[in-house]
Amino acid sequence: MVWDRQTKMEYEWKPDEQGLQQILQLLKESQSPDTTIQRTVQQKLEQLNQYPDFNNYLIFVLTKLKSEDEPTRSLSGLILKNNVKAHFQNFPNGVTDFIKSECLNNIGDSSPLIRATVGILITTIASKGELQNWPDLLPKLCSLLDSEDYNTCEGAFGALQKICEDSAEILDSDVLDRPLNIMIPKFLQFFKHSSPKIRSHAVACVNQFIISRTQALMLHIDSFIENLFALAGDEEPEVRKNVCRALVMLLEVRMDRLLPHMHNIVEYMLQRTQDQDENVALEACEFWLTLAEQPICKDVLVRHLPKLIPVLVNGMKYSDIDIILLKGDVEEDETIPDSEQDIRPRFHRSRTVAQQHDEDGIEEEDDDDDEMDDDDTISDWNLRKCSAAALDVLANVYRDELLPHILPLLKELLFHHEWVVKESGILVLGAIAEGCMQGMIPYLPELIPHLIQCLSDKKALVRSITCWTLSRYAHWVVSQPPDTYLKPLMTELLKRILDSNKRVQEAACSAFATLEEEACTELVPYLAYILDTLVFAFSKYQHKNLLILYDAIGTLADSVGHHLNKPEYIQMLMPPLIQKWNMLKDEDKDLFPLLECLSSVATALQSGFLPYCEPVYQRCVNLVQKTLAQAMLNNAQPDQYEAPDKDFMIVALDLLSGLAEGLGGNIEQLVARSNILTLMYQCMQDKMPEVRQSSFALLGDLTKACFQHVKPCIADFMPILGTNLNPEFISVCNNATWAIGEISIQMGIEMQPYIPMVLHQLVEIINRPNTPKTLLENTAITIGRLGYVCPQEVAPMLQQFIRPWCTSLRNIRDNEEKDSAFRGICTMISVNPSGVIQDFIFFCDAVASWINPKDDLRDMFCKILHGFKNQVGDENWRRFSDQFPLPLKERLAAFYGV
């Protein structure tokens, strides 16, 4: 057939019959289930894009060729939409005009599918910046709303709704001369239209402008709310859903306007949360979640709790359709391989260096790990999850005041003979764990054994939710004598890790990781038994759960630390890990969780990891090198080379940190034989903050492990560290700060030339309001260490940081870092005693926070305290020390005789 490359583009454009047949043939073939055929079709379509009037044929099939079946016509429009997305700027003017006019002429096609396709095409053209170049589009669509013909009105509204969704920002800007001033009042008129579909479009259009507090809508806010109330009982679910969605957003944006009607709105939302249509119920349920985050929640809802709580609890049951989708009747599926879309992308959390605290290990900055991931295969967000999340937040608002409304329901649910009901009761118990923990304690001695029994329920969905709920009470379990609950719970959870159902395996593995974090070294007596189970799971698990198993093993290593370093444990654990390590290619994302796991294991095993360290070290260096090389190619020629996934490099840097921390001086040989320092120099300057964060952690660890190799690079590294003391990137700043402290200990007096590069930033950070605790502590330690090695340079600024310095270090445990920091402060006080006078009470308090300082450090404290006392005289000292709280007074008298 002949394509005419120079067709004159008049609107009287006529297709060539042969060309039309060829395109129809392609459209038919592309509906074939055969992927090979689909691929050939794709290639042919790409070739046809070289012809300027190819797109005319596509619009012609969509709008004019009424003899064809609808799916084929719609497909033609969707292919055109993809061409618009990809090549619109290359369309000749005539083609563009032809497409635009055809769209507007056919927005009222009698077929809903064709109308919707035309609408999608219009919004795609509009979002390609064409709202400016298509000035008659919005006026034309708005005038079509008034058409007598239902199809025209519905088609125009459908297109407008899509434009409002895709181009909300530009619609509310001066670029277009603020069309919303006309559009929004127009939409409001249609809230009372006789057709449910039109009413639904009208509400959906206005809803796009609530969150952004669009001026044009705020002017009409009262009439909008009034119109919403008028639609409250609409018979069309889609309208009710949009009304609920509007009220949820108004809660965040215009609470002031809803408050007078709050009682009625709550009553209405209670009804809607029980709507027959699950989509309406889900939108309504979001209301409780949003309301719980508002300060007024507690007062507004308190009188409605007796009604609301049963509604939420009822919504936490699996619906029949959920059970079908979850294959709730399939009990054993462990031999069925996972389909790839089951596996969610994972994100690596880069290494952050933190201090140990007196109370309980490292402070919790990320307690988002225990979200309700119990049924993540169905549409991710559903009524069950939303109800459970709402109950969770409300439990945090009302605390134990919620229990009188919940306990009577729980009694009924937890012992119910129907498994679906019992399962929802176990979910309820888990959802309130965080908020109502105190009030639940009296019931736990009876409930925990009951839950441990439910771990062997015959229904897989009951077993899996029980794992999750028990993990929410792990903290309490661990606080009791181990034989009472910890041992039986651990024994049963380990059996569930080897369950024959994949969902149960997953839930048990996650719950076990939480238990490990809580129990820490309490698990040491059971290590052989635990490892036995985890290693056996390696041979049993399909793809998705393997990734969770790595996490459970890594968490175990973090929790028991060096207790893992026994030949028999290493013999059990390392072979399966190394086997997986050898199977995975460098491009495989499954490396992330495995590398994270190995990093924890290497840190815990210390010298026990030596036999495995060389290949692991080598591969990490290669991963960093590969990623950097790919990034350079991509920077130079972005169209030729795609950007690398930098997570490979981040995870590799973190594993190298784990090796350096675990092996200490033993890593020296490996560093000597590699170019890791050159690579780190590049990583420290990467655009991506996480890459810098991990490279500074590694710098600190290598500084501790083998400073002789780091030292020659210090002149290059220090200016980079200085520029990264920017608290906008908390974790980057934190790790850079920590590394500077480690470097200063190694450099000693040679640190002098570098002090000006970093000191001012550090003093600024320690005085900033709202700085996270971890960063404050690391900053204080580093300032102390700099003062320890270069007192003359740092002491003059003492007065500017002594107070926040003392308050941020009083809560951390006695350790080497705290020791060197306090030596630094004492040395600086002896150089500049007047710098501490005004804040001496803070210094006294910080000194008293030591449980047992080394003898020579205690002598330094003694000298400073007695020096101060002698200088001010007994009378003044007595007046001064009378301000001390009693425990502080007693400690200082007992330890230092002042």
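Here the structure is a predicted model, which means the values were calculated and not measured.

K.L.:
I would appreciate a short explanation of helix H13 (residues 221–230) in the present structure.
P.N.:
Residues lying three or four places apart along an α-helix face the same way, a consequence of the helix completing one turn every 3.6 residues. Where H13 is concerned, the buried positions are Ile 221, Phe 224, Ile 225, Asn 227 and Leu 228. Each buried residue of H13 lies within a common arc of 160° when the element is viewed along its axis, so the set occupies one face. With respect to the buried face of H13, the exposed residues turned more than 90 degrees away are Glu 226 and Ala 230. Packed against the buried residues of H13 are helix H10 (180–189), helix H11 (196–207), helix H12 (215–219), helix H14 (237–253) and helix H15 (255–258).

K.L.:
Before we go on, may I ask you to explain the packing of aromatic side chains in this structure?
P.N.:
To describe a pair of aromatic rings, one takes the distance between the centres and the angle between the planes. Within this structure, the stated rule accounts for 24 aromatic pairs. For the ring pair Phe 592 and Phe 648, a centre distance of 4.8 Å and an interplane angle of 65° mean the geometry is edge-to-face. Separated by 56 residues along the polypeptide, Phe 592 in helix H33 (residues 591–605) and Phe 648 in helix H35 (residues 647–663) bring together distant segments of the chain. Comparing Phe 592 with Phe 648, the two get one shared label, buried.

K.L.:
Looking at this model, I keep getting lost on the environment of Ser 731. Mind explaining?
P.N.:
Inspection of the secondary structure puts Ser 731 in helix H41 (residues 730–747). Residue class for Ser 731 comes out partly exposed when judged on its relative accessible area of 25%. Along the chain, Ser 731 and Phe 884 lie 153 residues apart, while their C-alpha atoms are 36 Å from each other. In contact with Ser 731, other than residues within four places in its own chain, are Thr 352 and Gln 693.

K.L.:
How should I be thinking about unusual backbone geometry in this particular structure?
P.N.:
Note on backbone geometry: most residues besides glycine have negative phi, and most peptide bonds are trans. Positive phi is not limited to glycine here, since Arg 399 has a value of about 50°. With respect to the helices and strands, the residue Arg 399 is situated in the loop between helix H21 (383–398) and helix H22 (403–414). Residue classification places Arg 399 among the partly exposed positions, given a relative accessible area of 42%. Of note, Cys 520 is a non-glycine position whose phi angle comes to about 45°, a positive value. Its place among the elements puts Cys 520 in the loop between helix H29 (502–519) and helix H30 (527–540).

K.L.:
Even after reading the chapter, I still don't get the pattern of salt bridges, so can you show me in this structure?
P.N.:
Where charged atoms from two side chains of opposite charge approach closely, those side chains can pair. A full pass over the atoms with the stated rule returns 39 salt bridges. Residue Glu 334 pairs with Lys 540 through a salt bridge whose shortest N-O separation is 2.7 Å. Of this pair, Glu 334 sits in the loop between helix H20 (320–325) and H21 while Lys 540 sits in helix H30, placing them 206 residues apart in sequence. Beyond isolated ion pairs, a larger network of salt bridges with shared partners links Asp 222, Arg 254, Asp 256 and Arg 257.

The rules we used
Residues numbered from 1 in each chain as written. Predicted model: local features only at pLDDT ≥ 70, side-chain atom pairs only at ≥ 80, totals over all residues. Heavy atoms only, no water. Buried < 20%, exposed > 50% of the residue type's maximum accessible area, 1.4 Å probe, protein only. Helix = DSSP H or I, 4+ residues; strand = E, 2+ residues; numbered from the N terminus. Arc of directions from axis to C-beta. Contact = heavy atoms within 4.5 Å. Phe/Tyr/Trp six-rings, centres within 6.5 Å; stacked < 30°, edge-to-face > 60°. Salt bridge = Lys/Arg side-chain N within 4 Å of Asp/Glu carboxyl O.

No statement about biological role is implied by the geometric values presented.
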